[in-house]
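Each chain is listed here by its residues.
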Amino acid sequence: MAGNYGMQQLIPIVNKLQDAFVQMGVHMSLDLPQIAVVGGQSAGKSSVLENFVGRDFLPRGSGIVTRRPLILQLIHGNAEFAEFLHCKGKKFTDFNEVRSEIEAETDRVTGSNKGISPVPINLRVYSPNVLNLTLIDLPGLTKVPIGDQPPDIEQQIKAMIFQFIRRESCLILAVTPANTDLANSDALKLAKEVDPQGLRTIGVITKLDLMDEGTDARDVLENKLLPLRRGYIGVVNRSQKDIDGRKDIAAAMAAERKFFLSHPAYRHLADRLGTPYLQRVLNQQLTNHIRDTLPGLRDKLQKQLLALEKDVEQYKHFRPDDPSIKTKAMLQMIQQLQTEFEKTIEGSGSAQINTNELSGGAKINRLFHERFPFEIVKMEIDEKELRREIAFAIRNIHGIRVGLFTPDMAFEAIVKKQIARLKEPCLKCVDLVVQELSNVVRMCTERMSRYPRLREETERIIMSHVRSREQQCKDQLVLLVDCELAYMNTNHEDFIGFAKSKGDKRAHSPPNCAQNQSESAAKSGHRTLGNQVIRKGFMCIHNLGIMKGGSRDYWFVLTSESISWYKDEEEREKKYMLPLDGLKLRDLEQGFMSRRHMFALFNPEGRNVYKDYKQLELSCETQDDVDSWKASFLRAGVYPEKTSEASNGEEGEGNENSDSAGSSSMDPQLERQVETIRNLVDSYMRIVTKTTRDLVPKTIMMMIINNAKDFINGELLAHLYASGDQVILIKYLIK
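Chains are numbered independently. Their residues run from 1 in the order of the written sequence. Per-residue local features of the predicted model are confined to residues with pLDDT of at least 70, and side-chain atom pairs are confined, for both listing and counting, to 80 or more; whole-chain, interface and lining totals are unaffected and use all residues. Side-chain metrics rest on all non-hydrogen atoms present in the structure, leaving aside hydrogens and water.

### Section: the overall build of the protein chain
- Only DSSP runs of H or I covering at least 4 residues are called helices, and only runs of E covering at least 2 are called strands; the numbering of each starts at the N terminus. A count of helical and extended segments in the protein chain gives 23 helices and 17 strands.
- When accessible area is computed with a 1.4 Å probe and restricted to protein chains, residues below 20% of their type maximum are described as buried, those above 50% as exposed, and intermediate ones as partly exposed. Expressed as a percentage of the 735 residues in the protein chain, the buried residues total 46%.

As structure tokens, this is what we get:
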């Protein structure tokens with residue numbers, strides 16, 4: 001054996017590590033240096049390995065023969081015998097028995113009908129004719145399944161091969177027959193995928209003696225065609241006739257040497273070709289490879305050792321009946337729950353981020369700023385009924401007298417009735433937030449799933465506390481609405497009846513001033529935003545003509561003045577731009593066999609919205625997306641239709657006014673007073689809803705969400721210990 005003795009001992013040491021890991025039966029995240037033999041079926045892999053040993057010991061036959069990885073450890077020694085790791089202590093001196101044992105062990109795991117398995121067979125061969133070397137013989141690639149092989153046998157074999165050759169610590173011995181086109185080599189193709197630079201690949205060209213007359217592989221062996229950093233080595237194996245005739249391997253190697261010396265194309269390369277040279281190269285390459293990877297290998301081992309020692313130290317003084325262990329385990333789980341709950345609500349990066357839908361703090365944010373405002377706007381106000389109520393209120397306040405002035409009491413009575421209706425969306429918002437908090441708690445307690453009793457008790461305690469706070473929060477929100485009912489602040493600076501000039505001491509502007517200001521505010525609406533972009537995203541248009549593409553998705557851009565749609569999100573090809581002036585929203589029923597949620601943009605006056613269409617029908621995949629788009633349209637000043645609008649169809653404004661006052665509709669003075677009160681109510685309700693939209697999220701945040709965080713951080717553990725099921729909880733912990 002040539003070379004440094006200490007370096008030569010590296011390979012047996014790595015062999016011992018490999019055996020140790022296999023025997024322990026545990027996965028060690030440690031990539032040991034090794035050489036994997038890769039090639040197609042009948043490429044000559046088995047013959048190369050047998051030439052190394054100088055013995056016939058590998059199974060042969062048609063179809064796929066190597067059906068499990070064979071880890072072959074060659075060790076230089078004085079005696080010649082073989083050992084299997086699964087037959088420890090038994091020495092095989094007859095190599096025919098070695099072949100039989102490989103076949104039997106393969107069938108034991110894979111069955112006798114050509115199945116495959118990634119579980120390796122470990123074989124160690126001692127011989128004076130070998131150099132220290134470790135190789136992994138992998139199954140050859142097959143295209144067509146036979147026997148009970150699955151249809152995806154090719155993918156399974158590839159996956160098995162990649163399991164070994166993907167590791168940076170693995171050298172790849174790519175075996176390719178010379179009588180096939182090198183560009184179509186299965187082995188080189190696989191090696192290229194994991195080693196594109198060719199740094200870890202050693203090429204072996206077999207069957208050089210079977211090439212067509214007048215052709216040779218000189219360019220390949222000289223590393224000119226498809227070059228590899230480690231080059232190519234040519235070998236000549238025994239033919240099937242030689243094997244059947246039991247030709248001695250020593251004689252075959254002598255014939256191989258003679259072939260290279262006598263062939264004009266290979267004569268100048270003869271010293272760098274042949275099985276003995278390949279064995280020496282692999283021995284040297286593997287030794288150098290182990291030497292190069294040894295520092296990293298040692299660091300990984302040391303890190304794993306330190307981690308294991310730390311774990312072992314915890315269990316040195318472990319006593320199953322020690323109550324402190326149970327307390328510590330429960331404490332750790334509650335601390336994890338506290339952290340997860342905080343991250344899920346505050347959005348600081350939970351370990352398990354939901355990529356499918358909004359959840360936790362993001363979902364609550366949408367409830368506060370999209371769903372809740374939409375619920376307020378969606379409150380059904382029957383315009384016809386409202387005007388009738390105002391008319392009756394004015395007439396009842398005047399009584400038998402003829403009223404010359406618009407009465408304040410009518411305004412107050414109507415406003416109080418409208419403010420009282422705000423309670424419903426406020427309480428609904430609380431319900432939705434509590435429902436989402438329940439989902440958050442359930443998600444955060446999943447780490448306790450191994451202890452179902454503890455998880456159940458934890459969820460019960462947290463949600464009981466949240467439910468108690470829910471009722472207090474609802475009481476507080478009802479109180480806020482009652483506060484609005486208690487006093488009408490008609491001196492509010494945003495109220496159109498408030499006198500803004502210093503010289504004007506009147507509590508209200510004249511009727512025509514109130515009417516003009518309210519109309520101006522209603523018309524300007526979203527224009528105060530400027531033409532800013534409010535939202536972008538995909539929606540589907542449903543009522544396009546069949547010749548124009550039918551229903552299809554477009555990329556929509558909603559601004560404060562218009563909505564445009566494009567072919568795609570690159571916004572290059574604009575299809576249409578629709579002004580939002582005078583438009584409203586209405587819900588549509590889902591189409592037959594359709595799962596999409598639909599709504600429409602329309603003009604209440606019955607004019608065409610888009611080309612010849614009275615409405616633009618849109619849809620989204622989920623109801624959440626629809627609600628979000630509706631909230632965005634609210635910001636742009638596009639409101640949902642009221643029931644009165646839907647029922648009255650295209651009735652004119654004057655006709656509604658004439659109906660609203662009943663039998664006294666012809667009194668122009670009463671009509672003016674009704675219009676004034678209506679505008680004043682609209683202005684004051686705008687102030688109240690603005691305040692409500694601001695205070696409701698703040699109240700829910702303080703009284704429920706922040707309080708729940710404080711409860712989990714400060715009181716949950718005490719409640720768990722105070723519960724009557726403490727013993728049961730601890731029993732679950734030690735299981």
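That covers the picture; the talk isn't over yet.
### Description of the nonpolar core
- Within the largest apolar cluster, 64 residues are counted, with the highest numbers of intra-cluster contacts made by F341, I419, I700 and L716.
- Those elements that place two or more of their residues in this core are α11 (323–346), α12 (361–377), α13 (383–398), α14 (408–420), α15 (423–444), α16 (452–486), α21 (668–714) and α22 (716–722).
- Counting residues per element, this core draws most heavily on α21, which supplies 16 residues.
- Here, residues are in contact when the closest pair of their heavy atoms is within 4.5 Å. Residues contacting I419, with those up to four places away along its chain left out, are V481, E484, L485, M488, Y684, M685 and V688.
- Core analysis: the next-biggest nonpolar cluster, separate from the first, contains 40 residues, I136, I157, I172 and L190 among them. Side-chain atoms within 4.5 Å are what join buried Ala, Val, Leu, Ile, Met, Phe, Trp, Tyr and Cys residues into a set we call a nonpolar core.

### Observations regarding the sheet that holds strand β9 (residues 232–234)
- Here, a strand pair is defined by DSSP locating no fewer than two bridges between the strands. With mixed pairing, nine strands are arranged side by side in an open sheet as β4-β3-β5-β2-β6-β1-β7-β8-β9. Single-partner strands in this sheet number two, and they are β4 (91–92) and β9.
- In the sheet, strand β2 (residues 70–76) pairs with strand β6 (residues 133–137) via five bridges, with the strands oriented antiparallel. What sits directly across from L70, in β6, is D137.

### What about the environment of I700?
- Relative to the helices and strands, I700 is located in helix α21.
- On the basis of relative accessible area, I700 is assigned to the buried category, the value being 0%.
- Excluding residues that lie within four positions of it along the chain, I700 makes contacts with F368, C429, V430, V433, C473, L477 and I705.

### Description of the packing of aromatic side chains
- Stacked, edge-to-face and tilted labels apply to pairs of Phe, Tyr and Trp rings (six-membered ring for Trp) whose centres lie within 6.5 Å, assigned for plane angles under 30 degrees, over 60, and everything in between, in that order. Under the counting rule described, the total for this entry stands at 14 aromatic pairs.
- A centroid spacing of 6.4 Å and a plane angle of 65° characterise the contact between F57 and F95, whose relative ring orientation is edge-to-face. With F57 in the loop between α3 (45–53) and β2 and F95 in helix α4 (residues 95–110), this residue pair connects regions lying 38 residues apart in the sequence.
- The class of F57 is buried, set by a relative accessible area of 0%.
- Judged by centre distance (6.1 Å) and plane angle (45°), the ring pair of F259 and Y266 falls under tilted.
- Of the residues examined, Y266 reaches a relative accessible area of 0% and is grouped as buried.

### A short note on the packing of α12 against helix α18 (residues 623–635)
- In this analysis, axes come from line fits to C-alpha atoms, helices being fitted only over the stretch in contact, and the angle between any two N-to-C directions falls in the range 0 to 180 degrees. One can describe the packing of α12 onto α18 by two numbers: an axis separation of 9 Å at closest approach and a directional angle of 60°. Considering only the axes of α12 and α18, their crossing is left-handed. Of the residues in α18, those in contact with K363, R366, E370, R371, P373, F374 and V377 of α12 are D624, D625, D627, S628, K630, A631 and L634.
- Partitioned by chemical class, the residues of the contact of α12 with α18 number five nonpolar, one polar and eight charged. Crossing handedness is defined as follows: a turn of the near helix away from the far one that is anticlockwise and smaller than a right angle gives a left-handed crossing, while the clockwise case is right-handed. Amino acids are sorted into nonpolar (Ala, Val, Leu, Ile, Met, Phe, Trp, Tyr, Cys and Pro), charged (Asp, Glu, Lys and Arg) and polar (every other residue, Gly among them).

### A look at the environment of A191
- Looking at where A191 falls in the secondary structure, it is placed in helix α6 (residues 186–194).
- In this structure, the C-alpha to C-alpha distance between A191 and I172, residues 19 residues apart in sequence, is 6.9 Å.
- A191 has contacts with I172, P196 and T201, leaving out every residue within four places of it along the chain.

### Side note on the confidence of the model for the protein chain
- Note: pLDDT gives the predictor's confidence per residue, expressed from 0 to 100. Looking at the protein chain as a whole, its pLDDT mean stands at 77, while 78% of the residues score no less than 70.
- Scored below 50 in pLDDT, residues 499–512 makes 18 contacts in the model with residues more than four places away or belonging to other chains.
- This model gives residues 644–666 a pLDDT under 50, and the stretch forms 29 contacts once residues within four places in sequence are excluded.

### Quick notes on α12
- Helices are assigned an expected span. That span is 1.5 Å times one less than the residue count. Between its terminal C-alpha atoms α12 stretches 24 Å, which fits the 24 Å expected from 17 residues at 1.5 Å a residue.
- For α12, the set of buried residues is G361, I364, R366, L367, F368, F372, P373, F374, E375, I376 and V377.

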